[in-house]
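Below, each chain spelled out in residue letters.
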Amino acid sequence: MPTRAFDDPEREEHRLAALAQIRQFGDPSLRTPASPVTEFDATLGEEVQRMLSIMTAARGVGLAAPQLGALRRVIVASQDEEGAEPRAFVNPVVAWRAEEEELGEEGCLSLGEIVVDVPRAVAVRVEARDPAGAGFELEVEGLFARVLLHEIDHLDGVLILDRTTAEQRREALRELRATAVA
Ligand code: ZN
């Protein structure tokens, strides 16, 4: 989930450099289901660090490995609490979701400036492993729940375009095609 421009030119330059590393709509990585991680090794740790730094520089609140072309089930996300460090989720699974859904606006670091309405469960419980392989469980609500559902969708090749209304999807596709040829 994105992102807006920085006022500070240096940070803005970093943001654009980070965005340039993120696969954009049309890239097959965004439509291919990712594989579970089996080795919790140094390579995974490095991959997670790279994801965290790109997400932060891009001013995103979440990022999934396939957005960097790695078809592995890894996501990173900012946490709601102020000052809390962003967190990595390896092989995340939605173990429970609230029946109640809420409509909210979502964008995506892989979809340029597109923003569409997406219904999401208001609360979820996610089971995952940390980059060292330790299992944990987290129950969250509101924006954090929305971000996790958005990023876990990426691991299955699902985009917000698939979750919004037919009309908003049509309009978004028109906009994406216009940007592609521009
Ligand atoms: Zn996204």
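Details of the structure are given in the entry above.
Since we're looking at a predicted model, the values are computed, not measured. (Residues numbered from 1 in each chain as written. Predicted model: local features only at pLDDT ≥ 70, side-chain atom pairs only at ≥ 80, totals over all residues. Heavy atoms only, no water.)

Caption draft 1: Geometry of the pattern of salt bridges. This model, assessed by the stated rule, comprises 12 salt bridges. Salt-bridge contacts for Asp-27 lead to Arg-23; the nearest nitrogen and oxygen are separated by 3.1 Å. Of the charged contacts, one joins Asp-153 and Arg-163 as a salt bridge, the two residues approaching to 2.7 Å between their closest N and O atoms. On the criterion of sequence distance, the pair formed by Asp-153 in helix α3 (residues 142-155) and Arg-163 in the loop between α3 and α4 (166-181) is long-range, its members being 10 residues apart. Looking at Asp-153, the relative accessible area reads 8%, which means it is buried. Here Arg-163 falls in the partly exposed class, since its relative accessible area comes to 37%. Each of Glu-106, Arg-120, Arg-146, Asp-153 and Arg-163 takes part in one network of salt bridges that share partners. (Salt bridge = Lys/Arg side-chain N within 4 Å of Asp/Glu carboxyl O. Helix = DSSP H or I, 4+ residues; strand = E, 2+ residues; numbered from the N terminus. Buried < 20%, exposed > 50% of the residue type's maximum accessible area, 1.4 Å probe, protein only.)

Caption draft 2: Layout of the coordination of the zinc ion. Every protein donor of the zinc ion is accounted for by Cys-108 (SG), His-150 (NE2) and His-154 (NE2), and the metal-donor separations fall at 2.0 to 2.3 Å. Mapped onto the sequence, the donors of the zinc ion take the spacing C-x41-H-x3-H. Here the residue Cys-108 occupies a position in the loop between β4 (101-106) and β5 (116-121), and His-154 occupies one in helix α3, the gap between them amounting to 46 residues. The burial state of Cys-108 is the same as that of His-154; both residues are buried. (Donors = N, O, S within 2.8 Å, 3.2 Å for Na, K, Ca; no water.)

Caption draft 3: Focus on the pairing of strand β7 (residues 135-141). Side chains of β7 alternate between two faces, with Phe-136, Leu-138 and Val-140 buried and Gly-135, Glu-137, Glu-139 and Glu-141 left unburied. Pairing analysis gives 7 bridges linking strand β6 (residues 123-129) to β7, with the strands arranged antiparallel. Residue pairing across strands places Arg-129 opposite Gly-135, the latter belonging to β7. Counting the residues that bridge the hairpin from β6 to β7 gives 5 residues, and of these Gly-133 lies at a positive phi of roughly 100°. (Pairing = 2+ DSSP bridges.)

Caption draft 4: Structural view of the nonpolar core. Judged by nonpolar contacts, the single largest core of 19 residues is most densely connected at Ile-75, Phe-89, Val-124, Val-140, Phe-144 and Leu-148. Among the secondary structure elements, those contributing two or more residues to this core are β2 (74-77), β6, β7 and α3. The greatest single-element share of this core, amounting to 7 residues, is contributed by α3. Counting 18 residues, the second largest nonpolar core, distinct from the first, contains Val-37, Leu-63, Leu-68 and Val-74. (Core = buried A, V, L, I, M, F, W, Y, C linked by side-chain atoms within 4.5 Å.)

Caption draft 5: Expanded view of the packing of aromatic side chains. Taken as a whole and judged by the stated rule, the model has 1 aromatic pair. For the pair Phe-89 and Phe-136, a centre-to-centre distance of 5.5 Å together with 50° between the ring planes defines the contact as tilted. Remark: Phe-136 occurs in strand β7 and Phe-89 occurs in strand β3 (residues 87-97); sequence separation between them is 47 residues. Phe-136 carries the same exposure label as Phe-89, and that label is buried. Above the face of the Phe-136 ring, Arg-87 is positioned so that its terminal group lies 4.2 Å from the ring centre. (Phe/Tyr/Trp six-rings, centres within 6.5 Å; stacked < 30°, edge-to-face > 60°. Lys NZ or Arg CZ within 6 Å of the ring centre and 35° of its normal.)

Caption draft 6: Region of the structure containing the sheet that holds strand β1 (residues 62-64). Pairing is antiparallel across the open sheet formed by 5 strands, whose spatial order is β1-β2-β3-β6-β7. Two strands close off the open sheet at either side, each with one partner strand: β1 and β7. Direction aside, the axes of adjacent strands within the sheet are offset by 40° on average. Along the sheet, helix α2 (residues 42-57) makes contact with β1, β2 and β3, crossing β2 at roughly 40°. (Axes fitted to C-alpha atoms, helices over the stretch in contact; angles between N-to-C directions. Contact = heavy atoms within 4.5 Å.)

Caption draft 7: The environment of Ala-64, seen in detail. Residue placement: Ala-64 occurs in strand β1. Ala-64 sits in the buried class, given a relative accessible area of 0%. Taking the C-alpha atoms as reference, Ala-64 lies 7.9 Å from Met-51; in sequence the two are 13 residues apart. With near-sequence residues (within four places) excluded, Ala-64 lies in contact with Met-51, Val-74, Ile-75, Glu-151, His-154 and Leu-155.

Coordinates in, geometry out; function isn't part of it.
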